[in-house]
Amino acid sequence: MPELPEVETVRLRLSWHCVGRKIVSNCISSAQFRSPLPMDLDLCDRTLRGVDRHGKLLLLGFDDGSHLLIHLGMTGCFLFGSSRDRQPSTHDHLSLEFGDGTYASFNDRRRFGVITYYSSADSEAFSARLDTLGPDALSSSFDAEYLRSRLHTRNAPIKALLMDQQLVAGIGNIYSCESLFRARISPDRPGRSLSLSEADELIVAIKSTLWRSIALGGATLDDYRGRIGEMGTFDQEFTVFGRGGQPCPGCTCRAGIVQTRCAGRVTYHCPERQH
Ligand SMILES: [Zn+2]
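A few points on the structure. (Residues numbered from 1 in each chain as written. Predicted model: local features only at pLDDT ≥ 70, side-chain atom pairs only at ≥ 80, totals over all residues. Heavy atoms only, no water.)

## Digging into the side chain of Gln274
- Relative to the helices and strands, Gln274 resides in the segment after strand E10 (265–269).
- The exposure class of Gln274 is buried, given its relative accessible area of 2%.
- Within the structure, the side chain of Gln274 is placed 2.9 Å from the backbone oxygen of Ile185, a separation counted as a polar contact.
- A distance of 2.9 Å separates a polar side-chain atom of Gln274 from the backbone nitrogen of Cys270. (Helix = DSSP H or I, 4+ residues; strand = E, 2+ residues; numbered from the N terminus. Buried < 20%, exposed > 50% of the residue type's maximum accessible area, 1.4 Å probe, protein only. Polar contact = N/O pair within 3.5 Å; in protein donor to acceptor, adjacent residues only side chain to side chain.)

See the structure below:
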């Protein structure tokens, strides 16, 4: 499932292709979606003002104050191109045609994605939706003091806590494993056991891992394609994720990377390096 760097890669492409363009027609076929858009939704004559991101959510803002909030789910992606050459797919759930003859369509083969529309009158509901999330993992408010304050009463494993979107938004299974390895912290440590300096090291590890992945266009996994023909390469730099049984890149431990389960999710770590 795409996490913060993969969603940021999509955000950058959406901004590049669509911001400042006026919609001249839209097509919705989301009847089989988890939360279907109203089939009569008409976005014509609206100009896309900007594309923001909070955690794994994309926020498309239009010039009339309305928003589309998009979660990519497992396989959601955007396709772009010239309307003339467009070949509609049964998996296109929302297509926007722009006045300059280009289009963007949201394509989702497995339909775990979610698109929600908020009119300008729904701004309170839009804010309330975002308020259910913790700070974005790359924001300055996600710092050691904040992390420590949210962990010091928690017994759950630190890895599970990092993946809790209400605590911090954007981190999933991949980037929690990779960041904990870099910070030398065991995924099974109770949240409350982290010292302030460990929280600080973990914050640095998380942010540097996320930025490195963004620089490489995110990671490419079986289920995720940022855009057809264009994929990120951070998966080639994974230190532990998906590498159970392989030699450990961080030390000379004999066992290598160990695959376990933590809070129900497959987890990778080095028991000698991470404590
Ligand atoms: Zn090791």
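## Considering the sheet that holds strand E7 (residues 102–108)
- Pairing in this open sheet of four strands is antiparallel, and the strands run E1-E6-E7-E5 from one edge to the other. The open sheet is flanked by strand E1 (23–28) and strand E5 (76–82), the only strands paired with a single partner. The sheet shows a mean angle of 15° between the axes of neighbouring strands, direction not considered.
- Pairing of E1 with strand E6 (residues 92–98) involves five bridges; the strand directions are antiparallel. Opposite Asn26, over in E6, you have Leu96 as the bridge partner.
- Its contacts with the sheet place helix H1 (residues 4–18) against E5, E6 and E7, and it is angled at close to 25° to E5. (Pairing = 2+ DSSP bridges. Axes fitted to C-alpha atoms, helices over the stretch in contact; angles between N-to-C directions. Contact = heavy atoms within 4.5 Å.)

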